[in-house]
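# Coordinates in review
Residue-level listing of the chains:
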Amino acid sequence: GENVEQHPSTLSVQEGDSAVIKCTYSDSASNYFPWYKQELGKRPQLIIDIRSNVGEKKDQRIAVTLNKTAKHFSLHITETQPEDSAVYFCAANRGSTLGRLYFGRGTQLTVWP
Amino acid sequence: ETGVTQSPTHLIKTRGQQVTLRCSSQSGHNTVSWYQQALGQGPQFIFQYYREEENGRGNFPPRFSGLQFPNYSSELNVNALELDDSALYLCASSLAGRGGEQYFGPGTRLTVT
């Protein structure tokens, strides 16, 4: 099956700085890569996703890049704000109609004011 | 916020007991996936239901079972509870044909003593 690894496990940045979280996957058939943000005690919230026919996708201050050859994808958050503090999870699946998501272990992002 | 709801919010059970958790999918969604999230970990796939049938299962024993109803809502049943079953149980709703996008409910926090 798929194996998703995520780094770093914790990340602290100053407000206004950028944050980058990286993930690798093992299954070359995976072609859908979502990112979820989970605040303490809340549900994972889908914040951005990318499919394998695209190399980069942006939505305001967040962007995701995908390198299919190297089997890695990254989340970039610019101009970080304290409300960005949360646990971020990357995931992968085959992008099929149905099917499971394989999650990384998460990154605790802390943004200091 | 997604339209996915779960009940109950919290539950405390004793080892050996049985529990039923419930999930209502987002309007228009016909697929429900269940995940177990242990403290400090990413969600782990339990199984998925589509058209009232189980469609894929993760590495969980048969004492984890489920149902999907004609209105697409779903139940997760766990028999013979063990201490290690203590976790946040998340359901995610999706629409077949949308290529992997899953939206999570708020979860049920199960504590087994």
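Preceding this paragraph is the structure being described.
About the cut-offs
- Residues numbered from 1 in each chain as written.
- Chains lettered and ligands numbered in written order.
- Predicted model: local features only at pLDDT ≥ 70, side-chain atom pairs only at ≥ 80, totals over all residues.
- Heavy atoms only, no water.
- Phe/Tyr/Trp six-rings, centres within 6.5 Å; stacked < 30°, edge-to-face > 60°.
- Helix = DSSP H or I, 4+ residues; strand = E, 2+ residues; numbered from the N terminus.
- Buried < 20%, exposed > 50% of the residue type's maximum accessible area, 1.4 Å probe, protein only.
- Disulfide = S-S within 2.5 Å.

## Notes on the packing of aromatic side chains
The full count for this structure, using the stated rule, is 13 aromatic pairs over all chains. When the ring of Tyr35 of chain B is compared with that of Phe45 of chain B, the centres are 5.7 Å apart and the planes differ by 70°; the resulting orientation is edge-to-face. In this pair, Tyr35 of chain B is assigned in strand E4 (residues 31-37) and Phe45 of chain B in strand E5 (residues 44-50), connecting sequence segments 10 residues apart. With a relative accessible area of 0%, Tyr35 of chain B lands in the buried category. For Phe45 of chain B, a relative accessible area of 3% corresponds to the buried category. Taken together, the ring pairs in this structure connect Tyr36, Phe89 and Phe103 of chain A together with Tyr35, Phe45 and Phe104 of chain B into an aromatic cluster.

## Points about the state of the cysteines
Counted under the stated rule, the structure contains two disulfides over all chains. Two residues, Cys23 of chain A and Cys90 of chain A, share a disulfide whose sulfurs are 1.9 Å apart. Given an S-S torsion of about -100°, the disulfide between Cys23 of chain A and Cys90 of chain A has left-handed geometry. Placement of Cys23 of chain A in strand E3 (residues 19-25) and of Cys90 of chain A in strand E9 (residues 86-92) is noted, with a sequence separation of 67 residues between them. Between Cys23 of chain B and Cys91 of chain B runs a disulfide, and the two sulfur atoms are separated by 2.0 Å.

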